[in-house]
Amino acid sequence: MEKKVEVSAPGKLILSGEHAVVYGKPAILTTVNRRLFVSISPSLKNEIITPESSSLAKFARDFVLKVLGREEEKLRIEISSEIPVGCGMGSSAALAVAIATTLFKYLNQPFDKEKINQIAYEIEKKQHGNASGGDNTISTYGGFLWYRKETEFLKLFKKLQFDFKRLPEFVLINNGRPKETTGEMVAGVRKLYEKERSKTERILNQIEKVTKQMLEGLNQVNHRLVKLVIKENEELLENLGVVSGFTKKMIREIEGKGGAAKICGAGGKIGRSGIILAFHPQKEILFEIAKKENLEALEVKLGEEGVKDEGED
Ligand code: PMV
């Protein structure tokens, strides 16, 4: 078989509900127009070409080949990505989804998103045992999703149809890669949950409430409500202890100038906290703040297509 197949999967943003989603609360997830590409071609030996560490890719490859009973395959896997790594934009989930889909295609398996998503979830769990499964699900299906993990075996989601063009124009500020991994941040919240159960449960319930308000805000294209809810969400995430001092300072500045911002994803406590989702009716103000701090500010398109075939030759 002398073919080469290529697939891409998008990065993601959690608009509301990170951390709480690990405890069965809902989250609003979306994709961005930054993708990760995987191509596979036959080879005499197994090789992975990637600008990042190849350990997750290797694990993903072996896991999928085992599920498909094709451990004997020799493959050249090439990975390239537009998604910043370790910043809360779902680069590891995109990798898991793209590798699973490319292998399915290469080995002539049906393009079964449900099966691919389940496999990607198993791979994600290698990253952090307690994964909600939200990241791999949004990267598989794309668009906007209301997502809730009921139990390990039942993860419910529904596509949300928002009026794309009238949504608030969010700006992402890359606050820098956190020192902690997602797994460490999730474990930190678990520790708090075990130590101060009722206080933490209260915070998680409040996050559920703001996620529902966010849904209303986006659905009604109510920018004022969206801004208010982002601010409340950030405050709750700070109470969970997942936002660093540096990040808080920057977010206070955004708020002081009439905007709102929240961390997006697992966050980080010590140094930086990853991607910040920011909103201001005059978005130039956000670009100025980012510039002053020497940080990259990006405008992204939301609701992009999930994993897709990039063709073969
Ligand atoms: O930082 P990321 O992109 O890995 O997102 C993690 C989101 C959490 O809710 C903190 C964990 C999860 O599995 O949903």
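Computed from a predicted structure; not experimentally measured.

**Section: helix H4 (residues 134-141)**
- In terms of residue burial, H4 counts as a mostly covered element, since 8 of its 8 residues are buried.
- Residues of H4 that are buried include every one of Gly134, Asp135, Asn136, Thr137, Ile138, Ser139, Thr140 and Tyr141, and no others.
- Residues of H4 that are buried in the fold lie against strand S1 (5-16), strand S2 (27-42), helix H2 (91-106), helix H3 (113-127), strand S5 (144-151) and strand S6 (154-159).
- Positive backbone phi, at 75 degrees, marks Gly142, one or two positions downstream of H4.

**Let's talk about the sheet that holds strand S8 (residues 260-263)**
- An order of S8-S9-S7-S10 is seen for the 4 strands of this open sheet, with the pairing classed as antiparallel. Edge positions in the sheet fall to S8 and strand S10 (296-298), since each has one partner strand and no second. Across the sheet, the mean angle from the axis of one strand to that of its neighbour is 25 degrees, orientation sign disregarded.
- Pairing analysis gives 4 bridges linking S8 to strand S9 (residues 275-279), with the strands arranged antiparallel. Across the sheet, the residue bridging to Ala260 is Phe279, located in S9.
- Strands strand S7 (171-174), S9 and S10 of the sheet are contacted by helix H9 (residues 284-292), whose axis makes an angle of about 5 degrees with S7.

**So, the nonpolar core**
- Counting residues in each nonpolar core, the largest one holds 99 residues, and the members touching the most others are Leu13, Ile79, Phe170, Ile173, Met214 and Leu218.
- Ranked by the residues each element gives to this core, the list is headed by H2, at 10 residues.
- If we ignore the near neighbours within four places in the chain, the residues touching Leu13 are Ile28, Leu29, Thr30, Val32, Met89, Leu172, Cys264, Ile275, Leu277 and Leu302.

**Details of helix H1 (residues 55-67)**
- Helix length check: H1 (13 residues) gives 18 Å between terminal C-alpha atoms against 18 Å at 1.5 Å per residue, within 8%.
- Within two residues after H1, Gly69 carries a phi angle of roughly 65 degrees, on the positive side.

**Quick notes on the pattern of salt bridges**
- Tallying each qualifying case throughout the model produces 25 salt bridges.
- Its salt-bridge partner being Glu169, residue Lys283 comes within 2.6 Å of it at the nearest N-O pair. Here the residue Lys283 occupies a position in the loop between S9 and H9, and Glu169 occupies one in the loop between S6 and S7, the gap between them amounting to 114 residues.
- Across the pair Arg252 and Glu238 runs a salt bridge, and its minimum N-O distance is 2.9 Å. Here the residue Arg252 occupies a position in helix H8 (residues 245-256), and Glu238 occupies one in helix H7 (residues 223-239), the gap between them amounting to 14 residues.

**What to know about the environment of Gln109**
- Structurally, the position occupied by Gln109 is in the loop between H2 and H3.
- Each C-alpha atom, one on Gln109 and one on Gly256, is 54 Å from the other, the two residues being 147 residues apart in sequence.
- Every residue in contact with Gln109, bar those within four places of it in the chain, is listed here: Leu68 and Phe104.

**Describing the pairing of S9**
- Within S9, 5 of the 5 residues are buried, leaving the element largely enclosed by the surrounding structure.
- Neither face of S9 is exposed, since Ile275, Leu277 and Phe279 on one face and Ile276 and Ala278 on the opposite face are all buried.
- Summarising the sheet, S7 and S9 pair through 4 bridges and their orientation is antiparallel. Looking across to S9, one finds that Asn174 is bridged to Ile275.

**A short note on unusual backbone geometry**
- Even without being a glycine, Asn108 presents a positive backbone phi close to 55 degrees.
- For Asn108, a relative accessible area of 57% corresponds to the exposed category.
- Look at Asn294: it is not a glycine, yet its phi comes out positive at around 65 degrees.
- The class of Asn294 is exposed, set by a relative accessible area of 73%.

**Some remarks on the packing of H2 against H3**
- Here H2 crosses H3 at 135 degrees, and the two axes come no closer than 9 Å. The pairing of H2 with H3 is recorded here as oblique in orientation. Crossing angle aside, the handedness with which H2 passes H3 is right-handed. Touching Ser92, Ala93, Ala96, Val97, Ala100, Thr101 and Phe104 of H2 are Lys115, Ile116, Ile119, Ala120, Ile123, Glu124 and Gln127, all from H3.

Thresholds, definitions, all that
Residues numbered from 1 in each chain as written. Predicted model: local features only at pLDDT ≥ 70, side-chain atom pairs only at ≥ 80, totals over all residues. Heavy atoms only, no water. Buried < 20%, exposed > 50% of the residue type's maximum accessible area, 1.4 Å probe, protein only. Helix = DSSP H or I, 4+ residues; strand = E, 2+ residues; numbered from the N terminus. Contact = heavy atoms within 4.5 Å. Pairing = 2+ DSSP bridges. Axes fitted to C-alpha atoms, helices over the stretch in contact; angles between N-to-C directions. Core = buried A, V, L, I, M, F, W, Y, C linked by side-chain atoms within 4.5 Å. Expected span 1.5 Å × (residues − 1). Salt bridge = Lys/Arg side-chain N within 4 Å of Asp/Glu carboxyl O. Parallel < 35°, antiparallel > 145°, perpendicular 65-115°, else oblique. Left-handed = near helix turned anticlockwise from the far one by under 90°.

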